[in-house]
Amino acid sequence: MSFPPKRAADNVLSSAPDLGAPEHKDYAMASLVPFDQRDGWIWFDGEMVPWKDAKLHLLTHALHYGSAVFEGERCYGGQIFKLTEHSERLKEGARIIDFEIPYSVEEIDEACRAVIQKNNLVDAYVRPITWRGSEQMGVSAQGNTIHLAIAAWDWGSYFPMEQRLKGLRLTHATYRRPDPATAPCKAKAAGLYMICTIEKHRAERAGYADALMLDYRGRVAECTGANIFFIKDGVIHTPIPDCFLDGITRRTVIGLAKARGYEVIERVIMPEELSDFSECFITGTAAEVTPVAEIGEYRFTPGQICETLLKDYMALVHPDAQAAAE
Ligand SMILES: Cc1ncc(COP(=O)(O)O)c(C=O)c1O
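Residues numbered from 1 in each chain as written. Predicted model: local features only at pLDDT ≥ 70, side-chain atom pairs only at ≥ 80, totals over all residues.

Draft legend 1. Geometry of the nonpolar core. In this structure, Leu170, Leu212, Cys223, Ile228, Cys280, Val292 and Leu309 are the most contacted members of the largest nonpolar core, which totals 40 residues. Where this core is concerned, the elements lending two or more residues are β8 (168-172), β9 (210-214), β10 (220-223), β11 (227-232), α6 (248-259), β14 (279-284), β15 (288-295) and α7 (304-317). In this structure Cys280 touches Ile228, Phe229, Phe230, Val292, Ile295 and Phe300, once residues within four positions along its chain are discounted. Core analysis: the next-biggest nonpolar cluster, separate from the first, contains 29 residues, Cys75, Ala94, Tyr103 and Ile116 among them. (Core = buried A, V, L, I, M, F, W, Y, C linked by C-beta atoms within 7 Å. Buried ≥ 20, exposed ≤ 12 C-beta atoms within 10 Å, placed from the backbone. Helix = DSSP H or I, 4+ residues; strand = E, 2+ residues; numbered from the N terminus. Contact = placed C-beta atoms within 7 Å.)

Below, the structure written as structure tokens:
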């Protein structure tokens, strides 16, 4: 018996939260060559394999139980920014979800560099991922092999500078960042992104770039893939990352701000306070430093501090600056 292929819309559960009408808009990624049909090389358990052969079996534990941890890195002019910090976070994230990657941080660093070289990449995104394999298929997976793969692809600047300086439009998310007592929130674990994708889709359908998520206590937390900062009277405020990722970009930008002499306060920020701030920006490996113009009913004007930090960050990631810092 054969079945007609299902359309994506058939898979929407009737009990799912209201995400707004599913319109068939062309989102940025839709026009790209699908990720399983590209050319190049992927580092897969210690070997370089042709991109299209880097496959998994359907009965892989990670697919069913979310037992995977990943990284997102950017390579600028052939140099991966903060590579070792990313590899360390990957190792630690795997430990948090109860497995040990069978490669050292140095070996992971080396493999990431090899992927860049093998694919002749210069400005690129690097995606290491580690996961539990397919020996056991159940909640218990004590005997499963631990895998590691690293892919990388060409990726220039996310937005043109003029557009970035105008600021993004964000909406409010419905899901909240979970309580650390209910989820391993310090790991960049695949399962934690389930709610991020739901919220990102909801925001995009409503015409926004992203959504601001609160935490389980109702405090301002972060966006679906980036940390957030606010400015008031020349002082920078950012939420304490006690239940969400303390981004490598976040920490870098705090360092840059302090080096400029700006005061940075990490504190509890409640959503009602958003009206008090004049500037807002988000940080992340993908987003870099990107100003925000609105969050729902609140408006911000990207100004001097946003622009200074954006430019300082772009100067720091430049391969010459990276080489000088080593
Ligand atoms: C949910 C989330 N928060 C924050 C960040 C920023 O982290 P980083 O600056 O290390 O890329 C990311 C990006 O990986 C993310 O996915």
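After that view, the rundown keeps rolling.
Draft legend 2. The pairing of β8, seen in detail. Two elements, β8 and β15, share three bridges in a ladder whose sense is parallel. Following the sheet pairing, Leu168 is matched in β15 by Val292. Of the strand pairs in this sheet, β8 and β9 are connected by three bridges, and their pairing is parallel. From the neighbouring strand, His172 faces β9, where its bridge partner is Leu212. With helix α5 (residues 194-205) bridging β8 and the parallel β9, this β-α-β connection has right-handed handedness. (Pairing = 2+ DSSP bridges. Right-handed = clockwise from strand over helix to strand, strands pointing away.)

Draft legend 3. Quick peek at the site of the ligand. For the ligand, the set of nearby residues contains 15 residues, the closest of which are Gly247, Ile248, Thr249, Gly284 and Thr285. Elements that contribute at least two residues to the shell around the ligand include exactly α6 and β14. Considering each element in turn, the shell around the ligand owes the most residues, three residues, to α6. Counted by class, the shell around the ligand contains five nonpolar, eight polar and two charged residues. (Near = placed C-beta within 6 Å. Nonpolar A, V, L, I, M, F, W, Y, C, P; charged D, E, K, R; others polar.)

Draft legend 4. Seen up close, α5. Helix length check: α5, at 12 residues, gives a terminal C-alpha distance of 17 Å against a target of 16 Å (1.5 Å per residue), a fit within 8%. All buried positions along α5 are accounted for by Glu199, Lys200, Arg202 and Ala203. One side of α5 holds all its buried residues, which, seen down the axis, span an arc of 160°. In this structure, α5 carries Met194 and Thr197 as exposed residues pointing more than 90 degrees from its buried face. One or two residues past the end of α5 sits Gly207, with phi positive at roughly 90°. (Expected span 1.5 Å × (residues − 1). Arc of directions from axis to C-beta.)

Draft legend 5. View of the packing of α6 against α7. Following both chains from N to C, one finds α6 and α7 inclined at 115°, their axes separated by 10 Å at the closest point. Here α7 runs roughly perpendicular to α6, going by the angle between their axes. Note that α6 runs across α7; the crossing there is right-handed. Residue-level inspection shows Thr252, Val253, Leu256 and Ala257 of α6 in contact with α7, the latter providing Leu309, Asp312, Tyr313 and Leu316. Looking at the contact of α6 with α7, its residues break down into six nonpolar, one polar and one charged. (Axes fitted to C-alpha atoms, helices over the stretch in contact; angles between N-to-C directions. Parallel < 35°, antiparallel > 145°, perpendicular 65-115°, else oblique. Left-handed = near helix turned anticlockwise from the far one by under 90°.)

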